[in-house]
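Take a look at the letters that make up each chain.
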Amino acid sequence: MVFYVDTLRQDVASDPTIMPHAVELAKQSLEFKRVYAPGSDTQHSLPGITSGSYDKPEKSPGDVLEVAQKAKLERVLIIPQSAYEFLSKLRPTFEFDRAIQISDYRPERKEVWGYGADQPTSERIVDRALEWIEEKKDRPFFLWLFHFDQHNWRELDKDWVHGTAAKYEIPDEGLIKWRYRVVAHSIDRELQRLLDGLHRHGLDKNTIVVFVSDHGEGLGRDGFWVHAVFLWDSLVRVPLTIRVPGLGHRVVYDKVSLVDLAPTLARYLTDDPPSADYDGEDLLSYLIDKPPKRRHPILLSGVSQDNLVRVGIVDPERDWKLVLPLESGSPELYDLSVSDPDWLSVAEEHPTDVARLLSQLVRPPVFPRSGDDVDVREREERAAASSAAKR
């Protein structure tokens, strides 16, 4: 079961004053402290989560949804209507046996595309999930809860936001924007209600639970309130906890990527996971004393108005993040060991490290080699049309 929260920052998910139940779940799980998303928007991050690869516009045999299907698990998605409409157009390979849509905007509204849905859905998503689990609890399943309220934190109904803040006594003061905290806390409450439901049905002992986000949010940094475009840690650092019955609590401080999730889940879905199809690593390898080195770098992509504008790489062994703005071509190097790594580039002081990371960055498929690589929307629409034709 995947509890997916679109647009949830890692620092918020790990704050016990905002999301105490997510923090408690982490204490029962494999807890990954330094997780990087493949991109700072859903279109670049979600495909990496399911495929385990950085550049897979269409499904591959290793895509976790494909592996679940071959394992004869019923694949069910519970998702807000606006998110479903967006993804069915731009990411049609995110496909399940059944998609249960939850309305999140009034029918008379016609211009809801990515943003604009104002009706909260987290409670109704969990309601529907618990109903479905009650019906299917004796059968193996692959259930994905797609929470979109956090993405819509600015648009959600004002009365609901203020009522929720009053109900849970969420203070106005805080380092993180108040509305964003209110929504995160409400989703956290629903997480616990879902976990309680699993326990009530006796499924907590044989159900893997994944808590994950696809990217973060700017929340006013340098006047930027949303996501995409930049590769700041506030946009690409995300929560990831995996509760596996029998494994208990382990904390991993190594830097990992969301592309590692698919190969990790595949080991529980099939006896023969297609490791050759993955750029990511099996996260369970980080539980041994001396885990093997990553086969591929940790890569990042940022887009603006559907054009690729930044690529980046995170050094898995040293505390460096290199970002290359494609317009200027001038590399930026950031020290991940400081409290605000994105405040100041130290590229001039460390030319050797810049050259080393650049040489690694230009080889993978995320580095643009043609106009199609930069014009993201055109490439993805062609892939979507091809996928639809095959179906």
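Refer to the structure printed above.
Novice: Explain the overall build of the chain to me, please; I cannot follow it from the model alone.
Specialist: In terms of helices and strands, the chain carries 13 helices and 12 strands. Taken over C-alpha atoms, the radius of gyration comes to 20 Å for the chain, in line with the 21 Å a tight globule of 391 residues would show. Within the chain, the fraction of its 391 residues that count as buried is 58%. In the chain, the proportion of contacts linking residues at least 24 apart, taken out of those at least 6 apart, comes to 67%.

Novice: What is the right way to read the packing of helix 6 (residues 122–136) against helix 8 (residues 178–200) from this model?
Specialist: To describe two helices that pack against each other, one gives the angle between their axes and the distance between the axes. Where helix 6 contacts helix 8, the axes come no closer than 9 Å and their chain directions differ by 10°. With respect to helix 8, the axis of helix 6 lies roughly parallel. In this structure, helix 6 contributes S122, E123, V126, D127, A129, L130 and I133 to the contact, and helix 8 contributes S186, I187, E190, R193, L194, G197, L198 and R200. Its residues assigned to classes, the contact of helix 6 with helix 8 comprises 7 nonpolar, 3 polar and 5 charged.

Novice: Explain the nonpolar core here, please?
Specialist: When a protein is soluble and globular, its nonpolar side chains tend to lie buried together. Counting residues in hydrophobic clusters, the biggest one holds 45 residues, and the most contacted among them are F142, W144 and F146. Broken down by element, this core gets its largest block of residues, 5 residues, from helix 10 (residues 261–269). F142 has contacts with V2, V64, L65, A68, L73, E74, R75, V76, F96 and L269, leaving out every residue within four places of it along the chain.

Definitions and cut-offs
- Residues numbered from 1 in each chain as written.
- Predicted model: local features only at pLDDT ≥ 70, side-chain atom pairs only at ≥ 80, totals over all residues.
- Heavy atoms only, no water.
- Helix = DSSP H or I, 4+ residues; strand = E, 2+ residues; numbered from the N terminus.
- Rg over C-alpha atoms; globule rule 2.2 N^0.38 Å.
- Buried < 20%, exposed > 50% of the residue type's maximum accessible area, 1.4 Å probe, protein only.
- Contact = heavy atoms within 4.5 Å.
- Axes fitted to C-alpha atoms, helices over the stretch in contact; angles between N-to-C directions.
- Parallel < 35°, antiparallel > 145°, perpendicular 65-115°, else oblique.
- Nonpolar A, V, L, I, M, F, W, Y, C, P; charged D, E, K, R; others polar.
- Core = buried A, V, L, I, M, F, W, Y, C linked by side-chain atoms within 4.5 Å.

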